[in-house]
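Residues per chain are reported as follows:
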Amino acid sequence: MRAGRMDAFPGKRLRSGRSFAGAKLSQHAAARCHLALPAVLPWQGLYKADQRFGPGVETYPDGSQDVGLWFREHLIKLCTPSPGGFSLLSYPEFSSFLTHSAARISLAEEAETERGLQEGQDPFFYEYKRLLLHDDLTLPPEMCVYSTDSEHLPMTSSFRQELDARIFLNDIPPFVEDGEPWFITNETPLLVRIQKQTYRFRNKPEHSSWNMGAILEGKRSGFALCGPKEGLAMEMILKAEEGNHDWIYGVLKDNFASADVADAKGYTVLAAAATHCHNHVVSLLLDCGADVNKCSDEGLTPLSMCFLLYYPARSFKPNIAERTVPKPQEPPKLPVAPILSSFMDTNLESLNYEVNVPSQGSYELRPHVLGSQERGVSQGTRLSGKSVDRRSSSLKGDSPLVKGSLGHVESGLEDAPRNTNQRPPCSAETNLESNVCVCSFPIELSQAMLEKSAQSHSLLRTASPSPRTSSSDKGTIRRMALSMLERKRRWRTIQLLLRRGADPNLCRVPVQGLFLAVKAGDTDGVRLLLERGARTDVRFPPQLGALTPLHIAAALPGEEGVRIVELLLHAITDVDAKAADEDDTYDPGRVDLLPSSLKLSNEPGPPRAYYGTHPPLPEEGGRTALHVACEREDSNKCARDIVRLLLSHRANPDLLWSGHSPLSLSIASGNDLVVKELLTQGADPNLPLTKGLGSALCVACDLTYEHQRSMDSRLALIDRLLSHGADILKPVTLRQGEKVAVGTAVDYGYFKFFQDRKIAHSPFHTLMPAEREAFVARKRLLEYMGLQLRQAVFAKESQWDPTWLYLCKRAELIPSHRMKKKSPSLPKGLDVKERKQIPFFKFCYQCGRSVGVRLLPCPRCYGILTCSKYCKTKAWAEFHKKDCGDLVAMGRSALRLAARLPLLLSAKARAWGSGEGTLVSRNLSRFRPLSQHFQMGLLGGGRQGATEAAWLFLTYCGSERLVLTLAGDTTPSWQSWNMDLWGLS
Ligand SMILES: [Zn+2]
Ligand SMILES: [Zn+2]
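Residues numbered from 1 in each chain as written. Chains lettered and ligands numbered in written order. Predicted model: local features only at pLDDT ≥ 70, side-chain atom pairs only at ≥ 80, totals over all residues. Heavy atoms only, no water.

An unreviewed UniProt entry lists the protein under the name Ankyrin repeat and MYND domain containing 1, with Saimiri boliviensis boliviensis given as the organism.

Encoded structure:
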């Protein structure tokens, strides 16, 4: 037929006048050939490039029909589903992952790609290719002379259109987009092309006689009885499930069927052989040209199916990355289950297979599966448990697996295994049938036994290869051994598929194979996948948090988590990849707190001079793997190792999620090993946190997280933070509703303390013992923080001159105080100008609070502030009794001077005005520029000006540490004040 069409174009004259005489139409143009012949003809269907390509029906003289999608001489997709097909419907736990919406067929898009000139994407783009885009640029004359292969002569797009127009005479424009575009039902590249080809011809009248649509939809019912090719193809899928190598070999050898044939759902022969672990059949099919990456209509490649079977949902470890860890309040129904999952899934996998219980993603073992066994079986179990138990001491730790599981048990859920151990391992009274399954026994031993059994079974050729037939076996060990054997075989199938070119990155439905291996904590699986080029930048769908494998690996309990993180980091992995959970809040959710009863009234916080420079606000976003590892509350050592690995791969420790930095998360989660690791590796303890969390120190004294560690380790934590440079004087903004105040970490601690109103405000004797304990502990922590704050302030103040500082404090405290209590000892006009003051942080020197308290100075010395009678008494007893006298003396001498100076100076000022002041001014020039103030004061005239000047001078002298002698004054703190220097005596 095609030849006939060819003849229609014996030689074409193109616009440019160049002749293509004798040139066969290129593949492209011929591709549009199709058949439309009366129903009596044996074959109806679509062609492309002279070959069957797409839906078609072959009718035989006996009336039977082969219906399906054809590729060359074979059916590659049938219209009937195979009875044993593999479907995602039996994996409801993954339903939330199925977010991939099918691509649509678009002809416009196709035309674009057929021109094949995407300069950016084409690695072989050469300048001359652009010629084909421009119709002005035509091919050289007589070009066909130079080409021996006229099939592959290039065409300009207009020439192509012209050819189309000639061939499809009545159908111009031949391909119109009308009606709804189709969804692509199978995304295997070959099938996509077939679907597009079909889409083009969907409305052609020639194809209305045979039901093209029904074939595409997999509806076989409208056709006649199944023909020989179809029957053979279906038979082959079944034989592949059985593993009948020789039968399949016979069919393929004589080319009776395609090795790539699939049922109506896209379940291929290869998938059938692979899911049933018939490796020799898999090899045979691949040798015969089956596409190892061909996917089913659900998007599952044979490899994905094997992964789904190899990693059933119950093998997944609970992890905080996905928030699948059961809440600690509710006791786990069967605490050992997650730990033993690696063992149990081997067991239940096959059992499950038989009874066809869909796995639910829960960690609960299903006793009814085992409970359905006969009495004899459980008897066997009991016996095996006993014998195993007796040998426990000798067997302990003799296999790496045993060690692993033991270590895991100890480091992981501390309380869970204890319960199991307390349970009598195999008392005869235990009701084995109803509620206890094999896993209630010391499992590490059964595991060892089973491994041996499995090994011996694997040596026996009599072990039935199919799980179906094994259901008739009696004896739990034998069943388990079989399932273990099965698991090993499946592992070999996975290895074979990968070796034969299966692309692990195409296993993306329902979720990437790498995720399954990581979730199951299977180090070997992860390693194999990474070796085969699995990408690590894959993510969960956004509504599931867009987690990466690294996130989940960082949350895996046990040593395997550490190893998997290491493997992932050695592959090219973005260590700082953020999950899409920036709107989540970190909420251990154990304390339900009211608004604080602390009053906030715009306190300004510590002055700028008291704390170091403010680091820039950190970046905030979703969780990184480091956040996940720091958030963990289980297996502290493993979490620490993971944090170490992440940091050594340059994970950024200063990113925020939910207001928290990794450091503050590890403080909140109670993992001090991680805290230590972060601090030594350079995490900034002063990183400002958002969402009202203040800083790491605030989180450390936050009662929300107080249950995580003992009192002593909380104090040690605060010490550790301080020793790594945490600045307790950093301002912390407190907010409650409209009210705002700036304080320190101590104020944050009190703010939180007053959120638990019952404990904070009830009289002590009305509290329950536990509450009393909490109250005492909180008080102790806050007092400790207050002490640290006071020491920090003292350390800061020691950098300044004590006298000057003291005078500043006094000057600031006295005027306000004097309003209430007139102090006769102060001369007038002693106000120190604001601008020259040392800033003064007003806080309670005893408890450290600066927000929501009324601060009163020590009435004797005005050197310190306290917030209450209690604090005043306590401060006096603890430290101020010693300091107060010194401060008073310092103040007294300064005041005496201040009181005397103006008189002296004003007397001398007059003399100075008349020329006697030269001595004064000469001496004063030594104190430039201070002398300017002095002179200004003198010249400003009057007693007032002189007083102020003298005051200033005095204080400046103090700050310059001058040693002066004051005639007639022997106050010890002011060693001497030599008025002779000024010629004033
Ligand atoms: Zn106080
Ligand atoms: Zn005092």
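Now, onward.
A. Molecular detail of helix α9 (residues 245-253). Those residues of α9 that sit buried are Ile248, Val251 and Leu252. Along the long axis of α9, the arc covered by the buried residues comes to 95°, so they all point the same way. Opposite the buried face of α9, by more than 90 degrees, sit the exposed residues Asp246 and Lys253. Packing partners of the buried residues in α9 comprise α8 (228-242) and α11 (279-287). Looking one or two residues past α9, Asn255 carries a phi angle of roughly 55°, positive in sign. (Buried < 20%, exposed > 50% of the residue type's maximum accessible area, 1.4 Å probe, protein only. Helix = DSSP H or I, 4+ residues; strand = E, 2+ residues; numbered from the N terminus. Arc of directions from axis to C-beta. Contact = heavy atoms within 4.5 Å.)

B. Inspection of the coordination of the zinc ion (ligand 2) at higher detail. Within the first shell, the zinc ion (ligand 2) binds the protein through Cys858 (SG), Cys861 (SG), His880 (NE2) and Cys884 (SG), at distances of 1.9 to 2.4 Å. Relative to the metal, the four donor atoms surrounding the zinc ion (ligand 2) lie at angles of 99 to 117°, and the coordination shape comes out tetrahedral. When the donor residues of the zinc ion (ligand 2) are listed from N- to C-terminus, their spacing reads C-x2-C-x18-H-x3-C. With Cys861 in the loop between β7 (856-857) and β8 (865-866) and Cys884 in helix α37 (residues 869-916), this pair connects stretches of sequence that are 23 residues apart. One exposure class covers both Cys861 and Cys884, and it is buried. (Donors = N, O, S within 2.8 Å, 3.2 Å for Na, K, Ca; no water. Tetrahedral: all angles 85-135°; square planar, octahedral: opposite > 155°, others 65-115°.)

C. Geometry of the sheet that holds strand β4 (residues 74-78). Reading across from one edge, β1-β2-β3-β4 is the order of the four strands in this open sheet, with antiparallel pairing throughout. Only two strands of the sheet have a single partner each, and these edge strands are β1 (43-48) and β4. In this sheet, adjacent strand axes meet at a mean angle of 30° when their direction is disregarded. This element, helix α6 (residues 189-200), spans β1, β2 (51-59), β3 (65-71) and β4 of the sheet and lies at about 70° to β2. In the packing of α8 onto the sheet, contacts are made with β3 and β4, and the angle to β3 comes to roughly 70°. (Pairing = 2+ DSSP bridges. Axes fitted to C-alpha atoms, helices over the stretch in contact; angles between N-to-C directions.)

D. Molecular detail of the coordination of the zinc ion (ligand 1). Cys844 (SG), Cys847 (SG), Cys867 (SG) and Cys871 (SG) make up the full set of protein donors to the zinc ion (ligand 1), lying at 2.2 to 2.3 Å. Coordination at the zinc ion (ligand 1) is tetrahedral, judged from the four donor atoms that bind it and the angles of 101 to 117° they form at the metal.

E. How the structure looks around unusual backbone geometry. Here the residue pair Val509 and Pro510 is connected by a cis peptide bond, since its omega of -5° sits within 30 degrees of zero. Its place among the elements puts Pro510 in the loop between α22 (476-499) and α23 (513-519). The backbone phi angle of Arg72 is positive, close to 55°, even though this residue is not glycine. Even without a glycine there, the phi angle at Asn602 is positive, about 55°. Tracing the sequence through the fold places Asn602 in the loop between α26 (559-570) and α27 (625-631). Here Asn602 falls in the exposed class, since its relative accessible area comes to 62%.

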